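Chain and residue survey
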Amino acid sequence: MQRSPANLRAPTNDDRGKGKTASGKRPSAKHNFKIEEWGLEIVKKHYLDPEGIRIRDQRLVPRVGADLFCEDGVFRELKTFGRAATDEINFTASEYERARTSSEKYELVIVEHVLGSPVIRVVPNPLKNLSYRPVGEIRFVGWKALQSEFRTIRLEAQTHEP
């Protein structure tokens, strides 16, 4: 499969999922796992295998920051959706860090419509090619080592009246 937008079809309004099953309930973890498994099989069969790329599944290894590490040296994060994907994809802190440090050797692989007519989108170096913003807390580390570069105001010991 070539990696050009010409091979990808745009989802229609009929494809838009609301994050719920046909019965109107939220999908279970077991259901989501099946979608991910099917999505991985679709990616292997239609993207990786035809290009001769073998994988090492990293999904159960903590803090790798990618679902797959491939023999071509590229980390790939797999995001799968039973129906149409939302326009926002979340990364964990580990995924962000791996994408940042691996840049050209990192791909975001999005599989939509796993339950119908699947569409695979491959985004190389997503931190360079997509817009993103933090959505959680930001933790600053190492500030004490740099304190000589900051303005410091030292006070005499204070007595406080009760």
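Quick note: structure is the one above.
**What about the overall build of the protein?**
Along the backbone of the protein there are 3 helices and 5 strands. The linear arrangement of helices and strands in the protein, starting from the amino end, is α-β-β-β-α-β-β-α. Expressed as a percentage of the 162 residues in the protein, the buried residues total 28%. For the protein, the proportion of contacts with a sequence separation of at least 24, taken over those separated by at least 6, is 54%.

**Description of the packing of aromatic side chains**
Tallied over the full model, the rule gives 3 aromatic pairs. For the pair phenylalanine 69 and phenylalanine 75, a centre-to-centre distance of 4.6 Å together with 45° between the ring planes defines the contact as tilted. Look at phenylalanine 75 and you get buried, because its relative accessible area is 13%. If you follow arginine 98 out to its NZ or CZ, it ends over the ring of phenylalanine 75, 4.0 Å from the centre.

**Observations concerning the pairing of strand β3 (residues 75-80)**
Within β3, 6 of the 6 residues are buried, leaving the element largely enclosed by the surrounding structure. Going residue by residue along β3, you find Phe75, Glu77 and Lys79 tucked away on one face and Arg76, Leu78 and Thr80 tucked away on the opposite face as well. Summarising the sheet, strand β2 (residues 68-70) and β3 pair through 2 bridges and their orientation is antiparallel. Within β3, the position partnered with phenylalanine 69 by the bridge is phenylalanine 75. In this antiparallel pair of consecutive strands, β2 and β3, the connection spans 4 residues, and glycine 73 shows a positive phi of 85°. As defined by bridge partners, β3 adjoins strand β4 (residues 106-112) across 6 bridges and the pair is classed as parallel. By the bridge assignment for β4, threonine 80 is matched with valine 111.

Definitions and cut-offs
Residues numbered from 1 in each chain as written. Predicted model: local features only at pLDDT ≥ 70, side-chain atom pairs only at ≥ 80, totals over all residues. Heavy atoms only, no water. Helix = DSSP H or I, 4+ residues; strand = E, 2+ residues; numbered from the N terminus. Buried < 20%, exposed > 50% of the residue type's maximum accessible area, 1.4 Å probe, protein only. Contact = heavy atoms within 4.5 Å. Phe/Tyr/Trp six-rings, centres within 6.5 Å; stacked < 30°, edge-to-face > 60°. Lys NZ or Arg CZ within 6 Å of the ring centre and 35° of its normal. Pairing = 2+ DSSP bridges.

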